[in-house]
Amino acid sequence: MEIKVVQADESQRKPKPTDETKLGFGEILADHMFLVDYEAGKGWFDARIEPYGDIAVDPAAMALHYGQEIFEGLKAFRGNDGGIRLFRARENYIRLNLSAQRLCMPEVDVDLAMEGMKQLILLDRDWVPRSHGTSLYIRPTMFATEPHLGVRISTAYLFFIIIGPVGAYYKEGLNPIKIYVEDFYVRAAIGGTGEAKTAGNYASSLLAAEEAKKKGFTQVMWLDAAERKYVEEVGTMNMFFLVDDEVITAPLTGSILPGITRDSVIQIVKDWGMKMSERSLSIDEVIEAARGGRLKEAFGTGTAAVISPVGQITYKGDDHIVAGGKMGELSQRLYDEIVGMQYGEKPDPYGWVERID
Ligand code: COI
């Protein structure tokens, strides 16, 4: 399908951030966006890149009422050599299509989405920041647009991609964050939509996150819905624990997000010859290991969060300091390895990185 391009005129262009050290997350968006429409019986049509701006949505659009919305998050990196690189980008669109299946939405054409995204990034290439620790965040999104108030599957959708420069996701940067183990609210149950990247999962997490924030925590760690016993994930990240010499992360049983950074960490840790286990881990085991000095490190993984060390885990009123409240050796080594590949500074034996400019 041809992608029609309408470039922003001078009056539609926005000022670019002047101080990259002050870039937060998700506050600044670039000059253009990519869009494609879908109608049942017709398929995807009208692929286009336009100046970034408002989109008209019918108040009866089904996404607003029944929540058919899915999204992705990925990044483009500018290395010291000036090159712009993507990291495992195709896998984000494959995962988007798994989310689409779960939410009864149409699958996107992965090649079209990749092509639209690349053209968009190249058109807005001056928006890809240059400093280490910054990147261009890419947010592919799809939602139901059909105006209809009965509960059923929508017959019309809009898929779009917006992009913008970002720095660290957490204000702590690489400093360890404090995590509150949530033992009342749950994020997702097996059989629900936990493994899909859909708005509702995030909406249902807000109340617990807000209560934890008021108590001084950065994020909530979720436990399983059935027993409130096993560690699932943290708001925007998958979780890893280093207990003695075993690296442990929760298995993909359907209630947690199959993270691409999670998968990268698993492969790298295995290739480093360490013991890597995808297994159920109870919060009691984590706390016992922390008490016994055997919990060496804890960290979260995610596209936005990269590798985020956890310096404190609080469960049932008790604080447990992890790795002396500092970034552990393994977390730092993984961060350096993954970020090094993303910026084209370290070899990429996995073929994860694609240079586009
Ligand atoms: C990401 O890591 O890209 C995410 O989508 C997490 C969050 C910002 C929702």
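Remember, predicted model here, so these are calculated numbers, not experimental data. (Residues numbered from 1 in each chain as written. Predicted model: local features only at pLDDT ≥ 70, side-chain atom pairs only at ≥ 80, totals over all residues. Heavy atoms only, no water.)

Would you explain the nonpolar core in this entry?
The tendency in soluble globular proteins is for nonpolar side chains to be buried side by side. Counting 47 residues, the largest nonpolar core has Phe34, Tyr93, Met117, Ile121, Ile138, Phe159 and Ile161 as its most contacted members. Not counting residues up to four positions away in its chain, the partners in contact with Phe34 are Ile3, Ala47, Arg48, Ile49, Leu112, Gly116, Leu120, Phe159, Phe160 and Ile161. Counting residues in each nonpolar core, the second largest holds 26 residues, with Val181, Met221, Val234 and Ile313 among its members. (Core = buried A, V, L, I, M, F, W, Y, C linked by side-chain atoms within 4.5 Å. Buried < 20%, exposed > 50% of the residue type's maximum accessible area, 1.4 Å probe, protein only. Contact = heavy atoms within 4.5 Å.)

I'm lost on empty space enclosed by the protein in this one. Help?
To find leftover empty space, one rolls a probe the size of a water molecule over the atoms. Counting across every chain of the model gives two cavities of 30 Å³ or more. There is about 140 Å³ of room inside the largest cavity. Along the walls of the largest cavity sit 13 residues, with Phe77, Phe87, Thr261, Thr303 and Gln342 positioned nearest its centre. The element best represented in the lining of the largest cavity is strand 5 (residues 74-78), accounting for three residues. In terms of residue class, the lining of the largest cavity is made up of six nonpolar, six polar and one charged. Both domains that meet at the lining of the largest cavity, namely domain 1 (4-166) and domain 2 (177-342), each give it at least three residues. Approximately 30 Å³ is the volume found for the second largest cavity. Along its surface, the second largest cavity is lined by Val36, Trp44, Val108, Asp109, Leu112, Ala113 and Phe159. Grouping the amino acids of the lining of the second largest cavity by side-chain chemistry returns six nonpolar, no polar and one charged. (1 Å grid on protein atoms, 1.4 Å probe; cavity = no way out; pocket = protein on both sides within 12 Å on 5 of 7 lines; lining within 4 Å. Points joined across faces, edges and corners; volume = space filled by probe spheres on them. Helix = DSSP H or I, 4+ residues; strand = E, 2+ residues; numbered from the N terminus. Nonpolar A, V, L, I, M, F, W, Y, C, P; charged D, E, K, R; others polar. Domains from an automatic or database assignment.)

Even after reading the chapter, I still don't get the layout of surface pockets, so can you show me in this structure?
The volume enclosed by the largest pocket comes to roughly 620 Å³. Phe25, Phe71, Tyr137, Arg139 and Lys197 are the residues nearest the centre of the largest pocket, which is lined by 34 residues in total. Elements that contribute at least two residues to the lining of the largest pocket include exactly strand 4 (69-71), strand 7 (135-144), strand 8 (156-166), strand 11 (231-234), strand 12 (237-243), helix 6 (260-271) and strand 15 (295-302). When residues of the lining of the largest pocket are assigned to their parent elements, the largest contribution, five residues, is made by strand 8. In terms of domain composition, the lining of the largest pocket takes at least three residues from each of domain 1 (4-166) and domain 2 (177-342). Approximately 510 Å³ is the volume attributed to the second largest pocket. Elements supplying a minimum of two residues to the lining of the second largest pocket: helix 5 (206-214) and strand 10 (219-223).

Which parts of the structure should I look at to understand the site of the ligand?
Lining the immediate surroundings of the ligand are Phe25, Phe71, Gly73, Tyr137, Arg139, Tyr169, Lys197, Tyr202, Thr236, Thr303 and Ala304. Contact between the ligand and Tyr137: an oxygen atom at 2.5 Å from a side-chain N or O atom of the residue. The backbone of Ala304 places a nitrogen or oxygen atom 2.8 Å from an oxygen atom of the ligand. Coverage of the ligand by the protein chains reaches 91% of its 280 Å² of free accessible surface. Counting atoms within 2 Å of the grid points, the majority share of the ligand lands in the largest pocket. Taken together, the residues of the shell around the ligand break down into six nonpolar, three polar and two charged. When residues of the shell around the ligand are assigned to domains, at least three fall in each of domain 1 (4-166) and domain 2 (177-342). (Near = heavy atom within 4 Å. Polar contact = N/O pair within 3.5 Å; in protein donor to acceptor, adjacent residues only side chain to side chain. Areas by Shrake-Rupley, 256 points an atom, 1.4 Å probe, with all protein chains shown as cover. Sits in = over half its atoms within 2 Å of the grid points.)

When you look at the packing of aromatic side chains in this model, what are you seeing that I'm missing?
Any two aromatic rings considered together are summarised by their centre-to-centre distance and by the angle between their planes. One pass over the full model with this rule turns up 15 aromatic pairs. With centroids separated by 5.7 Å and ring planes inclined at 80 degrees, the aromatic side chains of Phe87 and Trp352 adopt a geometry described as edge-to-face. Of this pair, Phe87 sits in strand 6 (residues 84-87) while Trp352 sits in the loop between helix 8 (329-342) and strand 18 (353-355), placing them 265 residues apart in sequence. A residue is classified by how much of its surface remains accessible, and Phe87, at 9% relative accessible area, is buried. The exposure class of Trp352 is buried, given its relative accessible area of 8%. Where Phe240 meets Phe299, the ring centres are 5.3 Å apart and the plane angle is 0 degrees; that geometry is what we call stacked. (Phe/Tyr/Trp six-rings, centres within 6.5 Å; stacked < 30°, edge-to-face > 60°.)

Just to check I follow, could you spell out the pairing of strand 3 (residues 43-51) for this structure?
Across a regular strand the side chains alternate sides, sitting on one face of the sheet and then on the other. Among the nine residues in strand 3, seven count as buried, and that is most of the element. Here strand 1 (residues 4-5) runs beside strand 3; their pairing, made up of two bridges, is parallel. Note on strand 3: the bridge partner recorded for Val5 is Ile49. Relative to strand 3, strand 2 (residues 32-39) runs antiparallel, the two being bridged by seven bridges. Directly across from Leu35, in strand 3, lies its bridge partner Arg48. (Pairing = 2+ DSSP bridges.)

Honestly, the environment of Asp81 in this entry has me stumped. Any pointers?
Counting through the fold element by element, Asp81 comes out in the loop between strand 5 and strand 6. Overall, Asp81 belongs to the partly exposed group, its relative accessible area being 45%. Residues Asp81 and Gly344, spaced 263 residues apart in sequence, show a C-alpha to C-alpha distance of 8.2 Å. Of the polar contacts made by the side chain of Asp81, one reaches the side chain of Arg85; its length is 2.7 Å. Within the local environment of Asp81, its side chain forms a polar contact with the side chain of Arg355, the two groups lying 3.5 Å apart.

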